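Structural characterization, general
If you want the building blocks of each chain, they are given just below.
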Amino acid sequence: SRRDPRGHIRMTTVLGAATRAACAFTTQRASRASARRVIPRAASLRDAQPRGPIASLPRQRRRGDLAVAGGKGPGGGAFGDAEELMKKYGDAALATGEFIGAKSGMKPAGRRARASAKSDEGNGVFLLLLINVALFVADQWLHVGFVKSLYLNHMHPRWWQFVTSIFCHANWAHLSSNIFFLYVFGKIVEEEEGAFGVWFSYLFTGIGAGLASYIMLPKAAGGLLGVGAAATVSLGASGAVFGLFAIGVLTKVRADFRKLLEAVILGQFVVERFLSEARMAAAAGGIGAGGVNHVAHLAGALVGVALIWTLQKLLPPE
């Protein structure tokens, strides 16, 4: 067949136009897709005006007002609203953090550490009460035999009985009155001198009362507490309690109106008890009805006074 050069030219022209149209269509679609992803550049973020519901929000809530790293927010600080929140809730957050730390065993510091230490007051007295009650239960209710060997035997004393006897009691009435006054005046002493102070005061005055009764009481007065017919025994915390009577009052005597008022209120009770014990000791010759060791009571109070006087002379004033 014969080739028509004009037809060839027309076919080439059609193919070229189709190619150009396809390229133009592809370019247009690509431009539209990129236009959906590109945000027109504004002079600053604040100049970009959002559309829709965001535009009605307060200015400080718009995205243009958000602080970026190294910049400053509307509050003038590096984090804007965060600084205001810390000013408002910082103390509460600190207290919460310290509470969690304390519960997890972390040691608080500063003023809060002192407050925490103050909340621990009473542990010294609590332990003294626990030992007294435990030995009473073992002796009087469970009838554990070795407890009676802890009594102070005036005929054949052992050195450790001067310590152990001040934690033992003959009956419930004996224990009840002693632990009541031990709690009241022991708390007063511990408030002023701490747990070590109340323990040292209890032991020192209790041992002193036992020594005084061992020296002064007649050996012939045996069997009063039902332990043997030929030996006098002493037991009970009352000598130490009378020592805490005196120490609790004397530690309150200072140049402070509130402390002096407390000393007067406590002192009038202690003086009345001391004079009553002195009258009964004089009438009974040291031992009263029911086996009450008045000598130990008086000696405990006097040892307490001597202890405070000695410490005031030896220790420098606060």
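Residues numbered from 1 in each chain as written. Predicted model: local features only at pLDDT ≥ 70, side-chain atom pairs only at ≥ 80, totals over all residues. Heavy atoms only, no water.

**A look at the overall build of the protein chain**
Looking only at helices and strands, the protein chain features nine helices and two strands. Written out in order from the N terminus, the α and β elements of the protein chain read α-α-α-α-β-α-α-β-α-α-α. Here the protein chain holds 318 residues, and the buried ones make up 31% of them. Sequence separation of at least 24 residues holds for 67% of the intrachain contacts in the protein chain that already meet a minimum separation of 6. (Helix = DSSP H or I, 4+ residues; strand = E, 2+ residues; numbered from the N terminus. Buried < 20%, exposed > 50% of the residue type's maximum accessible area, 1.4 Å probe, protein only. Contact = heavy atoms within 4.5 Å.)

**Let's talk about the nonpolar core**
Core analysis: the biggest nonpolar cluster contains 36 residues, and Cys168, Leu182, Phe185, Tyr202, Leu244 and Phe245 have the highest contact counts within it. Looking at this core, the elements that each hand over two or more residues are α4 (123-141), α6 (172-216), α7 (238-250), α8 (257-284) and α9 (294-314). Counting residues per element, this core draws most heavily on α6, which supplies nine residues. Excluding residues that lie within four positions of it along the chain, Leu244 makes contacts with Leu182, Phe185, Gly186, Val189, Val198, Ser201 and Tyr202. (Core = buried A, V, L, I, M, F, W, Y, C linked by side-chain atoms within 4.5 Å.)

**A closer look at the confidence of the model for the protein chain**
Averaged over every residue, the pLDDT of the protein chain is 73; residues scoring 70 or more account for 56%. With pLDDT under 50 throughout, residues 1-12 is counted as low confidence; its partners more than four residues away or in other chains account for one contact. In the predicted structure, residues 222-230 sits below a pLDDT of 50 and forms 18 contacts with residues beyond four places in sequence or in another chain. (pLDDT = per-residue confidence, 0-100.)

**With respect to the packing of aromatic side chains**
A complete count under the given rule lists 14 aromatic pairs for this structure. Ring geometry for Phe185 versus Phe269: centroids 6.0 Å apart, planes at 20°, classification stacked. With a gap of 84 residues between them, Phe185 in helix α6 and Phe269 in helix α8 connect regions that are remote in the sequence. The class for Phe185 is buried, based on a relative accessible area of 3%. Each ring, one from Phe200 and one from Phe204, has its centre 5.5 Å from the other, and the planes form 20°; the classification is stacked. Placement of the pair is Phe200 and Phe204 together in helix α6, with a separation of four residues, close to one helical turn. Residue Phe200 is classed as partly exposed on the basis of its relative accessible area, which comes to 37%. By relative accessible area, Phe204 is classed as partly exposed at 39%. What links up through ring pairs into an aromatic cluster is the set Phe180, Phe181, Phe185, Phe242, Phe245 and Phe269. (Phe/Tyr/Trp six-rings, centres within 6.5 Å; stacked < 30°, edge-to-face > 60°.)

**Digging into the environment of Ala134**
Mapped onto the elements, Ala134 comes out in helix α4. A residue is classified by how much of its surface remains accessible, and Ala134, at 45% relative accessible area, is partly exposed. Between the C-alpha atoms of Ala134 and Phe167, which are 33 residues apart in sequence, the distance is 9.3 Å.

**Digging into the side chain of Ser201**
Note that Ser201 resides in helix α6. Owing to a relative accessible area of 5%, Ser201 belongs among the buried residues under this scheme. In terms of polar contacts, Ser201 uses its side chain to reach the backbone carbonyl oxygen of Gly197, at 2.7 Å. Beyond its immediate stretch of four places on either side in the chain, Ser201 contacts Val189, Gly206, Leu244, Ile247 and Leu307. (Polar contact = N/O pair within 3.5 Å; in protein donor to acceptor, adjacent residues only side chain to side chain.)

**A short note on the side chain of His297**
As for its placement among the helices and strands, His297 is situated in helix α9. Discounting chain neighbours no more than four positions away, the residues touching His297 are Ser238, Gly239, Phe242, Glu277 and Val292.

**Brief notes about a nonpolar patch on the surface**
Together, Phe126, Leu127 and Leu130 make up an exposed nonpolar region whose accessible area comes to about 290 Å². Mapped onto the elements of the fold, Phe126 is located in helix α4. (Patch = residues over 30% accessible without salt bridge, like charges linked within 9 Å, V, L, I, M, F, W, Y side chains within 5 Å. Areas by Shrake-Rupley, 256 points an atom, 1.4 Å probe, with all protein chains shown as cover. Salt bridge = Lys/Arg side-chain N within 4 Å of Asp/Glu carboxyl O.)

**Quick look at the packing of α7 against α8**
Their axes nearest at 9 Å, the elements α7 and α8 cross at an angle of 150°. The two elements α7 and α8 meet at a crossing, and its hand is left-handed. Contacts between α7 and α8 pair Phe242, Phe245, Ala246, Gly248 and Val249 from the former with Ala263, Leu266, Gly267, Phe269, Val270, Arg273 and Glu277 from the latter. (Axes fitted to C-alpha atoms, helices over the stretch in contact; angles between N-to-C directions. Left-handed = near helix turned anticlockwise from the far one by under 90°.)

**Notes on α4**
The first and last C-alpha atoms of α4 sit 26 Å apart over 19 residues, in line with the 27 Å expected at 1.5 Å per residue. Taken together, the buried positions of α4 are occupied by Gly124, Val125, Leu128, Leu129, Asn132, Leu135, Phe136, Ala138 and Asp139. Buried residues along α4 sit against α6. With its phi angle positive at about 55°, His143 sits one or two positions after the end of α4. (Expected span 1.5 Å × (residues − 1).)

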